[in-house]
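Inside the fold
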Amino acid sequence: MTAPTGGWRTDAFALLHTKVERLVGGATAKALGRWRIETVGDLLRHLPRRYFAGAETSDLAALVPGEEVAVLAQVRHTRIRHGVNVTNARGRSPRGRLEVVVTDGSADLALTFFGNNHLLEHWSAQLPAGARGIFAGKVGEFQQRAQLTNPDYVVLAPDGRVVGGAQRNLALAQVGHDGLIGLYPTTKKLPTWQVAECVRLVLEAVEQQLQDPLPAWVRLRLGVPELVSAFRSVHLPRTRDEVEPARRRLLLDEALAVQVTMAQRRAEAAHVPSTPRPRRPEGLLADFDRRLPFTLTDGQQQTSEEIFTDLAREHPMQRLLQGEVGSGKTLVALRAMLAVADTGGQSALLAPTEVLASQHHTTITAMLGDMAHADTLHAAEHATRVVLLTGSMSAQQKREALLEVASGRAGIVIGTHALLSSQVQFADLGLVVVDEQHRFGVEQRAALAAKADTRPHLLVMTATPIPRSVAMTVFGDLEVSTLSEVPAGRSEVTTVLVDERRNPRWVDRAWQRIREEVAAGRQAFVVCSRIAESDTVRPPGAEEAEDAVPPRTVEDLHAELVAGPLSGLSVEMVHGRLPAEQKDATMRRFAAGEVDVVVATTVVEVGVDVPNASVMVISDADRFGISQLHQLRGRIGRGAHPGVCLLLTTSPADSEARRRLEAVSRTRDGFQLANVDLAQRQEGDVLGASQSGTRSSLRLLRVIDHAEEIQLAREVAEEWVGRPDAATDPVLADLRAQVELLADPEWMERT
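Everything numeric here is computed off the predicted structure, so don't read it as measured data. (Residues numbered from 1 in each chain as written. Predicted model: local features only at pLDDT ≥ 70, side-chain atom pairs only at ≥ 80, totals over all residues. Heavy atoms only, no water.)

**Describing the sheet that holds strand 20 (residues 571-574)**
- Taking strand neighbours across the sheet as the criterion, the six strands line up as 18-23-22-19-21-20 in an open arrangement whose pairing is parallel. For this open sheet the edge positions go to strand 18 (493-499) and strand 20, each flanked by a neighbour on one side alone. If you compare each strand with its neighbour and ignore which way they point, the axes differ by 20° on average.
- Relative to strand 22 (residues 613-618), strand 19 (residues 523-527) runs parallel, the two sharing five bridges. Paired with Q523 across the two strands is A613, which belongs to strand 22.
- Most of the contacts of helix 19 (residues 554-563) go to strand 20, to which it runs at about 175°, and overall it touches strand 19, strand 20 and strand 21 (597-600). (Pairing = 2+ DSSP bridges. Helix = DSSP H or I, 4+ residues; strand = E, 2+ residues; numbered from the N terminus. Axes fitted to C-alpha atoms, helices over the stretch in contact; angles between N-to-C directions. Contact = heavy atoms within 4.5 Å.)

What follows is the structure, given as C-alpha cells:
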C-alpha cells in the first residue's frame, strides 16, 4: 500500500498514520473508534490483554458477567431440549435450546443455543462430549451461574485445525495457527477474533514497507527489537518469551517520543535570551531575610538557592516548585520576586481566582510590612509597591493599579486573568510566578510573557505533589524543586472516616464538634460536591449505584444547618455561582473571624488561609479525588490549634471510593497519596485527556509503573537531541509532531 505523507518527514510515520479505514473499511473503522483507534499505528498498538496456547484451556472461574470473552474449553456434555411450536411471521416453526457444559478441568461454563430442531441437531453433532473449541460471547448469568448465550464457536482438532463451527467464525481460529492466541479487548460489535483479523490484515499490508524509524544506535541503547518484529511478536507470538521484549519496544517508543519533545523544548529554552537577575548583597531581599522571625527550613533554603542560580543566568528560568500544603511555597516565591525587584525588575504573580489573588496580596503585603509601601513617609529604606489587579475592581482602582505597573513603581503585581488584558503594560517584567499551574492554558501564559521585551523567568507553583515519573513526563521541560518539609508551628490534623450508613449518629456528632470548636473561639469549613439539586457530580469513571443516597448540596445543607444543628452561629455560603464581590467579602469576613462556619464547594480548595479554622466536614467525600481531599484538608490546622477533618460517606465498604477515603485518612503525606491517586486513576485522567475529550498519546506507558523506562528514554533523548544534526533530523521532527498531534494540548502545554 502507499500512504500519503500528510506532512510527515519520514515514510515510516506517514505509513503508521494512514487512516485505518483504508484497510478495514468504514464500518469496522467506526467500531474500532471505541478504543480511540484511527490510524494504522493505533491499531498495531492495540495489544492483546492476555494470551493462551492451542493446548491450554481458559480459567472459567475468573469470568466476569458483562465481559466479552473468548474461552478455550472442552465439552463435558450436551442436552437438547425440544421446544413447542411458536408462531412467527413465516408461520409455525418448532424451537428449543441446546444446553452445553464446557470445562477447563476445574470449573464449568454453561452454553445455551436457541434455534429450531434442525439447528439444535447440527450443533449437538459438532459439540459432542470431549470436543475442544473456542467459544466467544458476552458472559451472562442464569440461576447464579455464568453462561454464554448463542456464542460463536469453532471446534479444534488436537493439532489446531478447525474441524467445526460456522464459516463466519473461521477468523476466530486463524489467530491460533502460529502459536499463541491473543485475546483483545472486545465489544459486541467487534469480538476478539475480528480484532485479531483486522490486526493481521493491517500487519500484512504494511510490514514489507515499514522501515524502523529509530536509528540502530538508539535501538541498541534502549535494548529493543526492530519495529516490525515487535509488532509481529506482540500480535502473533509463537512463544510467550517473544511477547515481553516486543511490548517493551512499543512502550519505550511512547516514552521516547514524549522525552524527545521535552528535551527539544529544554534545548530551545536554553537558547532564548533573558535578562539576568542576580541576587544583590544588600537591598529588599537582604532586609527581608534579616526581619524574618523564624529560620527557613533546609528545603526552603535549598530551593531558593536553585531559583537564585537560575535567575542569574542569561536564559529564562523554567522551574516547577512543588510542595506540600503549608510547606512555604509563597515565601520562596516572594524571596525570588524580591531578588528581581533588587535589579529594577518587576514580578507578576498569576492566581486562578480572585479569592486566591486577594489572599496572596494580603499575605505578601503583611510579610513585607513597611517594605511594601515605597514612596510613602513610612516606607522602609529598601521598599517596593505591591499591587493587586482583578476584574472586580472599580474603574478608578484599575486605573491607579495600571499606572503603578506601567511606571515600574510596583515591583510585585498580583492578579487573575485581568493581568492578561492588553491594558496591562509592564515597565520591566522579569519574573512570572504561576500559582496552581494546571488552571492556566498555554495561551494565557504566553500572553503574559509577551508583555516583556525579553522572555521573563518562569516559576510554576503547585500544591499537588507530583511523583517523579509524572514530573518527567508531564512537566519534562521544567526543572523541578520540591518542598517536602512543613515549617514548625503547624498543628496536627486528624482525619476520620465517617460511615453514614453504619453510624448515622456520627453525622450529628460532626455538627456537634463544630459547635464545640466555635465555642472555643475557632472556625469551621463544611464542603459539599454540589451547589444545587440540578447539578450532577460523580467521581471520575464512577457509576451511580441504584441505592445511592443523593449528595447534599451547599444550598440545602446551609439551610439545614442554619435551622438546626448550627442555629445561632454565623453560617454563610461560598460557591462559584455567587458574584465575585460577594464571595470575596464572605471569605474576608471569615478570615477576620466574623463568620463561624463557611459552607462551600471546592472554591476553598486552594489558597484560603484561615489559621483559626480547626475543623472541616467534607460531605459525600467519596465524590472527590484524593488530591482534592488532600488540598481541602490543608485548609485547617494552619495555626496553633490542632485540626480534625471528617470525611462523610455512604459508599460501600468494598468500593474503590472507600479505598480512596481510607488512603486519605491513613496519611498526610501528599507524595504518598499522589502515588495512590495515580495508581487508582486512568492514565488519560492523569494527563488531562478525560476532561478535554482529546486523545492521550499514552497507550501502554504507565507513569507510575514505568519510571525506569521513562528515565532511560530521557537519557537517550538528551543524547539524541544534543547531536550536531538534531535540528535537521526527520525522525526527531516526526516524534515531536506525533506527540503534539495525539496528546491532549492542555497537558502537553502545561509548561
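**Concerning helix 12 (residues 298-311)**
- In this model, helix 12 (14 residues) spans 20 Å end to end at C-alpha, consistent with the 20 Å of a helix rising 1.5 Å per residue.
- Taken together, the buried positions of helix 12 are occupied by G299, Q300, T303, S304, I307, F308, D310 and L311. Each buried residue of helix 12 sits inside an arc of 160° when the element is viewed along its axis, so together they form one side. Opposite its buried face, helix 12 presents the exposed residues D298 and Q302, each directed more than 90 degrees away.
- Elements in contact with the buried residues of helix 12: helix 11 (284-291), strand 11 (318-323), helix 13 (329-342), strand 15 (429-435), strand 16 (457-462) and strand 17 (479-483). (Expected span 1.5 Å × (residues − 1). Buried < 20%, exposed > 50% of the residue type's maximum accessible area, 1.4 Å probe, protein only. Arc of directions from axis to C-beta.)

**Focus: the environment of A374**
- Inspection of the secondary structure puts A374 in the loop between helix 14 (354-368) and strand 13 (385-389).
- Discounting chain neighbours no more than four positions away, the residues touching A374 are A379, A383, T384 and R385.

**Quick word on the nonpolar core**
- L32, L43, L44, F231 and L250 are the most contacted members of the largest nonpolar core, which has 41 residues in total.
- Secondary structure elements with two or more residues in this core: helix 1 (11-16), helix 3 (26-32), helix 4 (40-44), helix 7 (192-206), helix 9 (227-235), helix 10 (243-269) and helix 26 (707-721).
- The leading source of residues in this core is helix 7, at seven residues.
- Excluding residues that lie within four positions of it along the chain, L44 makes contacts with L16, V199, V202, L203, V206, F231, H235 and L250.
- One finds L292, A339, L356 and I412 within the second-largest nonpolar core, a separate group that totals 38 residues. (Core = buried A, V, L, I, M, F, W, Y, C linked by side-chain atoms within 4.5 Å.)

**Examining the pairing of strand 12 (residues 346-350)**
- The buried count for strand 12 comes to five of five residues, which makes it a mostly enclosed element.
- Residues Q346, A348 and L350 line one face of strand 12 and the alternating positions S347 and L349 line the opposite face, and both faces are buried.
- Relative to strand 15, strand 12 runs parallel, the two sharing five bridges. Following the sheet pairing, L350 is matched in strand 15 by V434.

**Focus on the sheet that holds strand 16**
- Spatially, 13-14-12-15-16-11-17 is the arrangement adopted by the seven strands of the open sheet, whose pairing is parallel. In the strand order of this sheet, the two ends are held by strand 13 and strand 17, each with one partner. Taken pair by pair, the neighbouring strands of this sheet meet at an average axis angle of 20°, ignoring direction.
- Of the pairings in the sheet, the one linking strand 13 to strand 14 (residues 410-415) comprises five bridges and is parallel in character. Of the residues in strand 14, the one forming a bridge with V387 is V413.

**Looking at the environment of H271**
- For H271, the position within the fold is in the loop between helix 10 and helix 11.
- For the pair formed by H271 and H315, sequence separation is 44 residues and the distance between their alpha carbons is 6.8 Å.

**Some remarks on the packing of aromatic side chains**
- Tallied over the full model, the rule gives six aromatic pairs.
- With a centroid separation of 5.8 Å and an interplanar angle of 80°, the aromatic rings of F113 and Y153 are classed as edge-to-face. Within this pair, whereas F113 is found in strand 5 (residues 108-116), its partner Y153 is found in strand 8 (residues 152-156), the two being separated by 40 residues in sequence. We note that F113, like Y153, is buried.
- With a centroid separation of 6.2 Å and 80° between ring planes, the pair formed by W217 and W720 is classed as edge-to-face. Here W217 is found in helix 8 (residues 216-222), whereas its partner W720 is found in helix 26, with 503 residues between them in sequence.
- One aromatic cluster in this structure is built from F113, W123, F135 and Y153. (Phe/Tyr/Trp six-rings, centres within 6.5 Å; stacked < 30°, edge-to-face > 60°.)

**Quick word on the pairing of strand 22**
- The element strand 22 is extensively covered by neighbouring structure, given that six of its six residues are classed as buried.
- When strand 22 meets strand 23 (residues 643-649), the two strands line up parallel, connected through four bridges. Looking across to strand 23, one finds that V617 is bridged to L646.
- After leaving strand 22, the chain enters helix 21 (residues 626-633) and then returns to the sheet as strand 23, a path that is right-handed. (Right-handed = clockwise from strand over helix to strand, strands pointing away.)

**So, helix 20 (residues 580-591)**
- Relative to the 16 Å expected for twelve residues at 1.5 Å per residue, helix 20 spans 16 Å between its end C-alpha atoms, a close match to the ideal helical length.
- Looking at helix 20, one finds that the buried residues are K583, D584, T586, M587 and F590. For helix 20, the buried positions fall inside an angular range of 160° around the axis, keeping them on one side.
- Taken from the residues just after helix 20, G593 is the one with a positive phi, measuring 85°.

**Describing the confidence of the model for the chain**
- Per-residue confidence for the chain gives a mean pLDDT of 83, with 83% of residues at or over 70.
- The element-level mean pLDDT for the chain is lowest in helix 25 (residues 689-692), coming to 33, with helix 8 highest at 97.
- Overall, residues 682-696 carries pLDDT values under 50, and its contacts beyond four positions in sequence, including any with other chains, amount to 37 contacts.
- Within the model, the stretch residues 744-751 combines pLDDT values under 50 with 39 contacts to residues more than four positions away or in other chains. (pLDDT = per-residue confidence, 0-100.)

**Some thoughts on the pattern of salt bridges**
- Counted by the stated rule, this structure contains 36 salt bridges.
- For E242, the salt bridge goes to R238, with nearest N and O atoms at 3.3 Å.
- The class for E242 is buried, based on a relative accessible area of 18%.
- Residue R238 is classed as exposed on the basis of its relative accessible area of 58%.
- Notably, a salt bridge pairs D499 with R658, separated by 2.9 Å at the nearest N-O pair. Taken as a pair, D499 in strand 18 and R658 in helix 22 (residues 656-666) lie far apart in primary sequence, 159 residues in all.
- Assessed through its relative accessible area of 9%, D499 is described here as buried. (Salt bridge = Lys/Arg side-chain N within 4 Å of Asp/Glu carboxyl O.)

**What about the packing of helix 10 against helix 26?**
- Contact geometry of helix 10 with helix 26 gives a least axis separation of 8 Å together with a crossing angle of 50°. In terms of their interaxial angle, helix 10 and helix 26 are classed as oblique. Seen along the crossing, helix 10 lies across helix 26 with a hand that is right-handed. Taken together, the residues of helix 26 that come into contact with helix 10 (itself represented by R248, L251, L252, A255, L256, Q259, V260, A263, Q264, R266 and A267) are E709, I710, L712, A713, R714, V716, A717, E718, W720 and V721.
- Of the residues that constitute the contact of helix 10 with helix 26, the class distribution is 14 nonpolar, two polar and five charged. (Parallel < 35°, antiparallel > 145°, perpendicular 65-115°, else oblique. Left-handed = near helix turned anticlockwise from the far one by under 90°. Nonpolar A, V, L, I, M, F, W, Y, C, P; charged D, E, K, R; others polar.)

**Concerning unusual backbone geometry**
- Located in the positive-phi region is N150, a residue other than glycine, with phi close to 50°.
- Turning to its location among the elements, N150 is positioned in the loop between strand 7 (145-149) and strand 8.
- The phi torsion at D620 lies on the positive side, around 50°, for a residue other than glycine.
- Considering the arrangement of structural elements, one finds D620 in the loop between strand 22 and helix 21.

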